[in-house]
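# Remarks on the overall topology
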Amino acid sequence: MGLAAVPGLGRARQPAGPEQAAMAGHDSGSQHQFTGFAKYFNSYTITGRRNYVIATYTGIALIILYFKLRPKNKTPAVADK
């Protein structure tokens, strides 16, 4: 039993032709023309994904800063009578 008889071994695979060169998954944005909001925030381009991450982290940081820096109310738990 030689190497050619074992599937996956033996001859090297030939490079894919131009019609088979695309990898699995969605397109990387080469054919999409976005305008408006979608130009900066989309899931098809690396820049669009990066902008979503930056916006998410900024929102979380702002919420944390709001709760850390807001004034504390010093009201007594029981009102005097």
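Before reading on, note that the structure itself is shown above.
Structural notes, computed from the coordinates.

A few words now on the overall build of the chain. Scanning the chain from terminus to terminus reveals 2 helices and 0 strands. Residues classed as buried in the chain amount to 7% of the 81 residues present.

Below, the discussion takes up the packing of aromatic side chains. Ring pairs (aromatic) are described by centroid distance and by the angle formed between their planes. What the rule picks out here adds up to 4 aromatic pairs. Between the aromatic rings of Phe37 and Phe41, the centroid separation amounts to 4.9 Å while the plane-to-plane angle is 20°, which identifies the pairing as stacked. Its relative accessible area of 24% is what places Phe41 among the partly exposed residues. Between Phe41 and Tyr52, the ring centres sit 5.4 Å apart and the planes meet at 70°, which makes this aromatic pair edge-to-face. With a gap of 11 residues between them, Phe41 in the loop between helix H1 (37-40) and helix H2 (46-69) and Tyr52 in helix H2 connect regions that are remote in the sequence. Through successive ring pairs, a cluster of aromatic residues spans Phe37, Phe41 and Tyr52.

Quick look at a positive patch on the surface now. Taken together, the side chains of Lys68, Arg70, Lys72 and Lys74 make up a positively charged region of the molecular surface. You can see Lys72 is positioned in the segment after H2. By relative accessible area, Lys72 is classed as exposed at 52%.

About the thresholds
Residues numbered from 1 in each chain as written. Predicted model: local features only at pLDDT ≥ 70, side-chain atom pairs only at ≥ 80, totals over all residues. Heavy atoms only, no water. Helix = DSSP H or I, 4+ residues; strand = E, 2+ residues; numbered from the N terminus. Buried < 20%, exposed > 50% of the residue type's maximum accessible area, 1.4 Å probe, protein only. Phe/Tyr/Trp six-rings, centres within 6.5 Å; stacked < 30°, edge-to-face > 60°. Patch = residues over 30% accessible without salt bridge, like charges linked within 9 Å, V, L, I, M, F, W, Y side chains within 5 Å. Areas by Shrake-Rupley, 256 points an atom, 1.4 Å probe, with all protein chains shown as cover. Salt bridge = Lys/Arg side-chain N within 4 Å of Asp/Glu carboxyl O. Lys, Arg positive; Asp, Glu negative; His and termini not counted. Charge placed at Lys NZ, Arg CZ, Asp CG, Glu CD.

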